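Topology and contacts: notes
Each chain, written out:
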Amino acid sequence: MKMEEVKNRESRTSTKTKWTIDTMHSQVAFHIKHMMISNVRGVFKKFGAVVYTTGLDFTTAKVDFWMDPDSIDTFSEQRDEHLRGRDFFDTRNHKQITFVSDAVKKREDNHRMYELWGDLTIRGITKRVKLDVEFGGVMKDPYGKEKAGFTVRGVVNRKDWGLTWNKALEAGGALLGEEVAIRCEAQLMNVTND
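The following paragraphs examine the structure supplied in this document. By convention here, each chain's residues receive numbers from 1 onward along its written sequence. Local features in a predicted model are, by the rule used here, given only for residues with pLDDT of at least 70; side-chain atom pairs are given and counted only at 80 or more, and totals for whole chains, interfaces and linings are based on all residues. To get the side-chain values, take all heavy atoms of the structure and skip hydrogens and water.

This part is about the pattern of salt bridges. Salt bridges, as used here, are contacts in which a Lys or Arg side-chain nitrogen is within 4 Å of a carboxyl oxygen on Asp or Glu. Counted under the stated rule, the structure contains 13 salt bridges. One salt bridge in this structure joins Asp22 and Lys147, with 2.9 Å as the shortest N-O distance. In this pair, Asp22 sits in the loop between strand 1 (16-21) and strand 2 (27-34) while Lys147 sits in strand 10 (residues 146-157), placing the two residues 125 residues apart along the sequence. Lys147 carries the same exposure label as Asp22, and that label is buried. Glu81 is the partner of Arg84 in a salt bridge, and the nearest nitrogen-oxygen pair spans 2.7 Å. Residue Arg84 and its partner Glu81 are located together in helix 2 (residues 77-84), separated by 3 residues, close to a single helical turn. Counting from the N terminus, the helices are the DSSP runs of H or I reaching at least four residues and the strands are the DSSP runs of E reaching at least two. Any residue under 20% of the maximum accessible area for its type is buried, any over 50% is exposed, and the rest in between are partly exposed; the area is computed with a 1.4 Å probe on protein chains only.

Here it is in structure tokens:
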């Protein structure tokens, strides 16, 4: 390997890289049990993130993610209005849901899997959570932009953030489950030199 190539590689691995989320190729989705027999699914349509890494080393990632709870879409306007209200997200008083990472750990059993730890804030309440991240790889798109792909999964208990509304069912049990499963498809775009 030529000395110039070595220097370029060393420079690339030690420089700070800035990424933003490509919202056209990303999705923030969730599902929750309904009547204990099926799942209600939904998405948030407005979200963004800034991620900093050292070179392409995603174990060094610092993630600052936000989404607009007012952009929730469960494919039922009546249900979405209820979710925006005081029983749930109270979007008049709480304009953002945020996640700020504080640690990334690569799984020893699978080089494409990471654990992402950080603070999730909903309705002004902050709790530390762990998310499982699957790394899809890094590629250049047809326009020369470097992209990195990830699938992020996690399960949180909505009651931890004061989202306690529910209704009892006549046959027993509750209308809504407590656990919310999160699945995000994230395509990051390298904007270091933009």
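Here the focus is the packing of aromatic side chains. Working definition: a ring pair exists when centres of Phe, Tyr or Trp rings (six-membered ring for Trp) sit within 6.5 Å. Plane angles under 30 degrees give stacked, over 60 give edge-to-face, the rest tilted. Scanning the model with the defined rule gives 9 aromatic pairs in all. Centre to centre, the rings of Tyr114 and Phe135 are 6.4 Å apart; their planes meet at 80 degrees, and the pair counts as edge-to-face. Linking Tyr114 in strand 8 (residues 113-122) with Phe135 in strand 9 (residues 125-140), this pair joins segments that are 21 residues apart in sequence. Taken together, the ring pairs connect Trp19, Phe58, Tyr114, Phe135 and Phe150 into an aromatic cluster. Two thresholds decide whether a charge sits over a ring: the Lys NZ or Arg CZ must be within 6 Å of the ring centre and within 35 degrees of the ring normal. When the ring centre of Tyr52 is taken as reference, the NZ or CZ atom of Lys16 above it lies at 5.4 Å.

A positive phi is found at Met36, a non-glycine position, where the angle reads about 65 degrees. Tracing the backbone through its elements, the reader meets Met36 in the loop between strand 2 and strand 3 (38-44). With relative accessibility at 54%, the residue Met36 sits in the exposed group. For Asp90, which is not glycine, the phi dihedral falls at a positive 50 degrees. Summarising the element assignment, Asp90 is placed in the loop between helix 2 and strand 7 (97-106).

All right, on to helix 2 then. Three- or four-residue spacings in an α-helix give side chains the same orientation, since the helix completes a turn every 3.6 residues. Turning to helix 2, its buried residues are Asp80, Leu83 and Arg84. The buried residues of helix 2 occupy one face: seen down the axis, they fall within an arc of 100 degrees. Directions from the helix axis toward the C-beta atoms define the arc.

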